[in-house]
Amino acid sequence: MTITTNLAPKYGKKEFSRRHAATNLETVITLSAGAAASIYGLVRRDWFGAAFASGGGYLLYRGVSDLRRPYKGRARVAFTIGKTPEEVYDYVYNPENWGHLLREPMFQVDGAGNVTIRLGRGEEGVEFKSRVEITDQRPGDYIAWASADEMFEHRGVLRFKKAPGDRGTELSIAFEYKAPAGPIARSLAALVGLDPEQLVREGLRQIKQLMETGEIPTTAGQPIGARGLKGTAERVLYHERPAAEMQPQSLAGD
Amino acid sequence: MKALCWQGKNKVDVERVNDPKILNPRDGIVRITRTAICGSDLHLYDGYIPTLEPGDVLGHEFMGEVVDTGSEVSRVKKGDRVVVPFTIACGQCYFCKHNLWSACDNTNPNAWMLEKLYGYSGSGLFGYSHMMGGYAGGQAQFARVPFIDVGALKIPDGLNDEDVLFLSDIFPTGYMAAENCDIKPGDVVAIWGCGPVGQFAIRSAFLLGAERVIAIDRVHERLKMARAGGAEIIDYEEVDDLVEELKWMTAGRGPDSCMDAVGLEAHGTGVAAAYDYAKQRLKLAFDRPTVVRQVIQACRKGGVVSIPGVYGGFLDKIPFGAAFGKGLILKMGQTHMHNYTEKLLKHVEQGDIKPSFVITHRLSLDDAPDAYRTFRDKQDECIKVVLDPWAQPVAA
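Values in this document were obtained by computation on a predicted structure and should not be read as measured data. (Residues numbered from 1 in each chain as written. Chains lettered and ligands numbered in written order. Predicted model: local features only at pLDDT ≥ 70, side-chain atom pairs only at ≥ 80, totals over all residues.)

As for the sheet that holds strand β12 (residues 232-235) of chain B
Residue and element names in this part refer to chain B. The condition is simple: Whether two strands pair depends on DSSP finding at least two bridges between them. The helix count covers DSSP runs of H or I at least four residues long, the strand count covers runs of E at least two residues long, and both are numbered beginning at the N terminus. Fitted lines through C-alpha atoms serve as axes, helices being fitted only where they are in contact, and the angles separating the N-to-C directions of these axes extend from 0 to 180 degrees. By definition, residue pairs are in contact when their C-beta atoms, positioned from the backbone, come within 7 Å.
Across the sheet, 6 strands lie side by side as β12-β11-β10-β13-β14-β15; this open sheet has parallel pairing. In the strand order of this sheet, the two ends are held by β12 and β15 (329-332), each with one partner. On average, each strand axis in the sheet is tilted by 20° relative to the strand beside it, whichever way the strands run. The pairing of strand β10 (residues 188-192) with strand β13 (residues 257-260) spans 4 bridges and is parallel. Counted as the bridge partner of V189 is S257 from β13. Across the sheet, helix α11 (residues 290-298) is in contact with β10, β13 and β14 (304-307); its angle to β13 comes to roughly 175°.

Okay, here's the thing in structure tokens:
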């Protein structure tokens, strides 16, 4: 059986664009840092300089090779959910259910396949809009999709399979993507939890949590003491709201 | 409200923080009437548990009155007096349905952190670092309790707070550790560590039919309490070879089961203990597994090693050959609390055990920073500290 994850027959475009691994800006940064380190190292003419020069050489190599190599990330994630394949399929197939996913409304799909990915909060937030089309599907079995534009390319297959015994459904996802960023920006994004694999993993986990328990576990908005400098910096990692958003509330006799 | 917040290694403060509120439909809010400091809180105090951050509210042994419930809560009502188990379980995943409650799939919001470390994540815990869920703990005046219908144990009138509080952790933990020993008539159980969990393990072993319990420690008041519970005692600092001593006491058979109720901050004596200290100091190791080595060495052939003591990382120089050669059964892990709370409440109601025997210090929440130090340094014959979050400080 072949599952189609390709929009080329419909739009006559290339299957996946050949956009390169790094953006031009990142290439310029990498190449200039590499050149500077190499020259500094060569001028010093000692062991420390040699180390510097080889580091610079590596950066030059990365800068050139990233510029030539088309980038493609891929990942596979699976969860077992204690519901029947039909229940899980129906849940996942309904775009309204995707609005619940991820603690903040970061990722939304509407009925027409328009995907909105939102980074940051309030008016300072940035929105990426993308269009997703279902390329192939069989109810209760699989859904394949592909993005319809080149800004953030992704495509993959969601599969629903009965798990052995009384374990429910194996919900798996295999996908490929090209993020609109080079290696530097990708690493920074991964640091704040915006790595595509991690986002998809947490999305599936939350489908499981919602289907099994009716809620997504959270600590956002719970009481915390003084965080200090390091703790404040790590709020992103622990999904904590900024202090200004924490509304004081009093229960009794305090 | 007032809450005890971790502020770094060896530093905890009572701070004013926001009151907790309902965040999810199955949450409840409990006004805490009694809370305790657990031996495992000392691992946090001493800075051994990663992903604990300044400002985190500690405490996972607490009880109180339900003052608010979310829209999907039905079993528990406002006004109920409840004890809250330290592990948080959803009640609906595969693991909860198979009575492996502390392995719950759905209660750790930071499951990815533990997945990186251990492959898979267990349930969320109260007040025990972000990788364990980052839930604010119960050494405070109020606490938010997720999935309160699943966990909270309703307490009938007529029972003291102090006699039911330990159903939140140490009594079930000691009991499960003893149950893991698979005790049969005539069995001798050896228990390393006479802290609060060890004390409950001693009494649980007798409840489960052990013939003899041998308790091992070096702190006199703890050994005294163990003897009061019916155990024979060994002060390990006064014997040359602990394994030989146990062999002697069991006429060459060895204890039928050996329990490590100590965990990652074992003291011990001799070269092995010094080696563990040095490695931990140099940050080459996270745990001091002195006791794990001893329980494996001392246990009889085909016996059970039960480990309720907490470990976190990679353990060094474990005599795995001895474990294999003797065909040992190893059992361990966070307590599956929800299997035990009802059952042990019955034991308390029937008067089989009076859990308040273990309390040595009754203080207010404001006294907690001093109490952590006293408990850690085993000063003032401290074995178990219970705090009243609403009382005036005792030591003011």
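Next comes the rest of the account.
Let's talk about the environment of A205(B)
Residues and elements named next belong to chain B. How we decide: With C-beta atoms placed from the backbone, a residue is buried if 20 or more other C-beta atoms are within 10 Å of its own, exposed if 12 or fewer are, and partly exposed between those counts.
Tracing the backbone shows A205 in helix α7 (residues 196-207). In this structure A205 comes out as buried when scored by C-beta crowding, with 32 C-beta atoms within 10 Å. For the pair formed by A205 and L363, sequence separation is 158 residues and the distance between their alpha carbons is 30 Å. Excluding its chain neighbours within four sequence positions, the residues that come into contact with A205 are A178, C181, I183, V189, A210 and V213.

Some words on the nonpolar core
Selection rule: Residues of type Ala, Val, Leu, Ile, Met, Phe, Trp, Tyr and Cys that are buried and joined through C-beta atoms within 7 Å form what is called a nonpolar core. An automatic or database domain assignment supplies the residue ranges for each domain.
Ranked by internal contacts, the top residues of the largest apolar core, which has 126 residues, are L4(B), V82(B), V189(B), A190(B), I191(B), A201(B) and M259(B). Of the residues that make up this core, three or more belong to each of domain 1 (2-169 + 336-388) and domain 2 (170-332) of chain B. Not counting residues within four places of it along the chain, the set of residues in contact with L4(B) comprises V12(B), V14(B), V57(B), L58(B), G59(B), Q139(B), A140(B), L365(B) and A368(B). Core analysis: the second largest hydrophobic core is formed by 17 residues, L171(A), I173(A), L204(A) and I207(A) among them.

What to know about α11(B)
All names here are of chain B. α11 sits mainly inside the fold: 8 of its 9 residues count as buried. Taken residue by residue, α11 has T290, V291, V292, R293, Q294, V295, I296 and A298 as its buried positions. Those residues of α11 hidden inside the fold are in contact with β10, α9 (242-249), β13, α10 (270-281), β14 and α12 (320-325).

Some points on the confidence of the model for chain A
Residues and elements named next belong to chain A. Stated precisely, the cut-off is as follows: Scored from 0 to 100, pLDDT reflects the predictor's confidence in each residue.
In this model, chain A carries an average pLDDT of 79, and 77% of its residues clear a pLDDT of 70 or more. Strand β1 (residues 73-81) holds the highest mean pLDDT among the elements of chain A, 93, whereas strand β2 (residues 107-109) holds the lowest, 63. In this model residues 247-254 is a low-confidence stretch, pLDDT under 50, and it forms 13 contacts with partners more than four residues away in sequence or in other chains.

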